[in-house]
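# Structure at a glance
Chain by chain, the residues:
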Amino acid sequence: MPNWCSSSYVIEGDKKEVRKLFGIMNRLERRKKPAVKNGFGTAWLGCLVNALGEDWNKIYCRGDWSNLEMVNDTVRFTTETAWGPCNEVLDLILQKFPSLSYYFLCEEPGMGIYQTNDGEGKYFSDKYRVDVCTPDEKYQCEYFSDKSVMYKWLEELFGQPIASDDDIRILVDNLEKKSENAYCYIDEFSVV
């Protein structure tokens, strides 16, 4: 059983090519039966590989897409894929539609994968993911594009001053003393 990676994608470029890609993906997911037999359904990434004229056995495509939409001449969707992002499928899209480019943000907590290729934050400005369990076992997960805003949120949540990474280490030590189940994990998205 794999760990599942959640990724968000935005594809931009020539409007005609963007619309054509959206049309292919939209038709595939509206089918009653998948274009290629699989365990994921009509929105399996292998169906897209097949529709683009390539062999899904030769391109890593273990997962599916959802939330497909057109927004301001971009195609946007999310994927759930095994172990990590399926960027081989996105690279294939760029081969078939040379004017297009893609941005993504992915997270797979089990393997500690937090990545983006959107270093400037054009579509994905999140840089930090904070996963918290308070001593009274309330769970929260929030995303931040700025450390100072993240520090302020933690300060308000826990009622103690947080202005640095050292303050967070003190917070974590205090949490662990209050409850063995309490935690505060901060993951930073790396730019790849």
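We now turn to the structure provided with this report. Predicted model, so just to flag it, every value in this text is computed and none were measured. (Residues numbered from 1 in each chain as written. Predicted model: local features only at pLDDT ≥ 70, side-chain atom pairs only at ≥ 80, totals over all residues. Heavy atoms only, no water.)

In this section: the layout of surface pockets. Rolled over the atoms, a probe with the dimensions of a water molecule shows which regions are left empty. Considered as a void within the structure, the largest pocket measures approximately 150 Å³ in volume. Around the largest pocket sit Tyr128, Lys147, Met150, Asp165, Ile168, Arg169, Val172, Ile186, Asp187 and Glu188, which together line it. Those elements that place two or more of their residues in the lining of the largest pocket are helix H4 (147-158), helix H5 (165-178) and strand E8 (183-188). Split by residue class, the lining of the largest pocket holds five nonpolar, no polar and five charged. (1 Å grid on protein atoms, 1.4 Å probe; cavity = no way out; pocket = protein on both sides within 12 Å on 5 of 7 lines; lining within 4 Å. Points joined across faces, edges and corners; volume = space filled by probe spheres on them. Helix = DSSP H or I, 4+ residues; strand = E, 2+ residues; numbered from the N terminus. Nonpolar A, V, L, I, M, F, W, Y, C, P; charged D, E, K, R; others polar.)

Before going further, it helps to spend a moment on the packing of aromatic side chains. With the rule as written, the count across this model stands at twelve aromatic pairs. Ring-pair connections join several aromatic residues into one group, and the members of that group are Tyr9, Phe77, Tyr102 and Phe104. (Phe/Tyr/Trp six-rings, centres within 6.5 Å; stacked < 30°, edge-to-face > 60°.)

This part takes up the pattern of salt bridges. Note on pairing: side chains with opposite charge can pair once their charged atoms come close. For the structure on display, the rule yields ten salt bridges. Notably, a salt bridge pairs Arg129 with Asp187, separated by 3.6 Å at the nearest N-O pair. Highlighted residues: Arg129 in strand E6 (residues 128-133) and Asp187 in strand E8, separated in sequence by 58 residues. Asp165 is the partner of Lys147 in a salt bridge, and the nearest nitrogen-oxygen pair spans 2.9 Å. A residue pair is termed long-range when its members are at least 10 positions apart, and Lys147 in helix H4 and Asp165 in helix H5 qualify at 18 residues. Here the salt bridges do not stand alone but share partners, grouping Lys15, Arg19 and Asp73 into one network. (Salt bridge = Lys/Arg side-chain N within 4 Å of Asp/Glu carboxyl O.)

Strand order in the open sheet formed by six strands is E2-E3-E1-E4-E5-E9, and the pairing between neighbours is mixed. One side of each edge strand has no neighbouring strand; the edge strands of this open sheet are strand E2 (63-71) and strand E9 (190-191). Relative to E9, strand E5 (residues 113-116) runs parallel, the two sharing two bridges. Among the inter-strand pairings, Gln115 is bridged to a residue of E9, identified as Ser190. Those strands touched by helix H1 (residues 15-30) are strand E1 (4-12), E2 and strand E3 (74-82), and its axis lies near 130° from that of E2. Running at roughly 175° to strand E4 (residues 101-108), helix H3 (residues 87-96) makes contact with E1, E3 and E4 of the sheet. (Pairing = 2+ DSSP bridges. Contact = heavy atoms within 4.5 Å. Axes fitted to C-alpha atoms, helices over the stretch in contact; angles between N-to-C directions.)

Moving on: unusual backbone geometry. With phi around 55°, Asn67 is a residue other than glycine that occupies positive phi space. Summarising the element assignment, Asn67 is placed in strand E2. At Asn72, a position not held by glycine, the phi torsion is positive, near 45°. Looking at where Asn72 falls in the secondary structure, it is placed in the loop between E2 and E3. Overall, Asn72 belongs to the exposed group, its relative accessible area being 69%. (Buried < 20%, exposed > 50% of the residue type's maximum accessible area, 1.4 Å probe, protein only.)

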